[in-house]
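Secondary and tertiary structure notes
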Amino acid sequence: MDRKYTTVLFDADNTLLDFDMAEKNALKQVLTEIGINVTEEIAALYSRINLSYWRAFERGEVTKTELRTRRFGDLFGKLGFDYQGDLAFVADTYLEYLAKGAFLLDGALYLCERLKEEGYFLYIITNGVSATQKSRLSKSGLDKVMDGVFISEDIGTQKPFLEFFDYVFENIAEKDRRKIIVVGDSYGSDIKGACGAGLDCIWFNRKGEKNELSLPVTKEINDLSELFEFFGL
């Protein structure tokens, strides 16, 4: 059967992997070690701080190294917690716990397995930390159904920058951009990046965000199950 697409570029976190759960678990473990009792309010505060830093990273305003430590410095400052230790220790320990958080979103692995069975080429494109993401993809089983994994830390640039997508394009089998589609949850990195690179995209918009830039989204979904019909599975 002649298909419009041959290749799917999947974001990892909150697209196939449940990052929110992994983040919450890792945060609770590392902060407990340094004497902070993690409440729902503290977890939510960290999540907001973390998201703001990732968005700044996507805009090229902070480096990955700055992101890893400063988010904890900001958190401790807002909590009034006088931490005398090394923020790099907290950041590294957090990432060690995060690397173990290989929680799949409902139906994610089965979806990828079905796409693979039908002959689609599948790739991961992520802005995460390389060692952390590789560990989580391996533990989740997603690595076994992917034709390749592209991580910003390894490439030296990140989504949504065109250089990231150009690098991916140069290193995948399909060379016709019309046959490639991006699936991701982040409007600022996945969707903006895909549109900037001239690629179709599916926005996994679980949180009901607005298409503020009126980007040409190919399809908007709020559940991965919607992709079975889209890809004719």
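This text goes with the structure placed above it.
Now for a quick tour of the structure. Quick caveat: nothing in here was measured; it's all calculated off a predicted structure.

1. Brief notes about the sheet that holds strand 6 (residues 219-221)
Here six strands make up an open sheet; going across it, the order is 3-2-1-4-5-6 and the pairing parallel. The outermost strands of the open sheet, each flanked by one partner alone, are strand 3 (148-151) and strand 6. Each strand of the sheet is rotated relative to its neighbour by a mean of 20°, with strand direction disregarded. Where strand 2 (residues 121-126) meets strand 3, four bridges bridge the pair, whose relative direction is parallel. By the bridge assignment for strand 3, Thr126 is matched with Ile151.

2. Some points on the packing of helix 3 (residues 64-79) against helix 4 (residues 87-98)
Two numbers describe how helix 3 lies on helix 4: the axes approach to 8 Å, and their chain directions differ by 110°. Looking at the two axes, helix 3 sits roughly perpendicular to helix 4. Here Arg68, Thr69, Arg71, Phe72, Gly73 and Phe76 of helix 3 lie close against helix 4, whose contacting residues are Leu87, Ala88, Val90, Ala91, Asp92, Tyr94 and Leu95. Looking at the contact of helix 3 with helix 4 residue by residue, the class counts come to eight nonpolar, two polar and three charged.

3. Description of the nonpolar core
Counting residues in hydrophobic clusters, the biggest one holds 30 residues, and the most contacted among them are Leu27, Leu31, Phe72, Leu75, Phe76, Tyr94 and Leu98. For this core, the secondary structure elements donating two or more residues are helix 1 (19-33), helix 2 (40-58), helix 3 and helix 4. Here this core takes nine residues from helix 2, the largest share from any one element. If we ignore the near neighbours within four places in the chain, the residues touching Leu31 are Ile36, Val38, Ile42, Leu75 and Phe76. Counting residues in each nonpolar core, the second largest holds 26 residues, with Leu17, Leu142, Val183 and Ile202 among its members.

4. Focus: the state of the cysteines
A full pass over the atoms with the stated rule returns zero disulfides. For Cys195, which is in no disulfide, the shortest distance to another cysteine sulfur is to Cys201 and amounts to 3.9 Å.

About the criteria used
- Residues numbered from 1 in each chain as written.
- Predicted model: local features only at pLDDT ≥ 70, side-chain atom pairs only at ≥ 80, totals over all residues.
- Heavy atoms only, no water.
- Pairing = 2+ DSSP bridges.
- Helix = DSSP H or I, 4+ residues; strand = E, 2+ residues; numbered from the N terminus.
- Axes fitted to C-alpha atoms, helices over the stretch in contact; angles between N-to-C directions.
- Parallel < 35°, antiparallel > 145°, perpendicular 65-115°, else oblique.
- Contact = heavy atoms within 4.5 Å.
- Nonpolar A, V, L, I, M, F, W, Y, C, P; charged D, E, K, R; others polar.
- Core = buried A, V, L, I, M, F, W, Y, C linked by side-chain atoms within 4.5 Å.
- Buried < 20%, exposed > 50% of the residue type's maximum accessible area, 1.4 Å probe, protein only.
- Disulfide = S-S within 2.5 Å.

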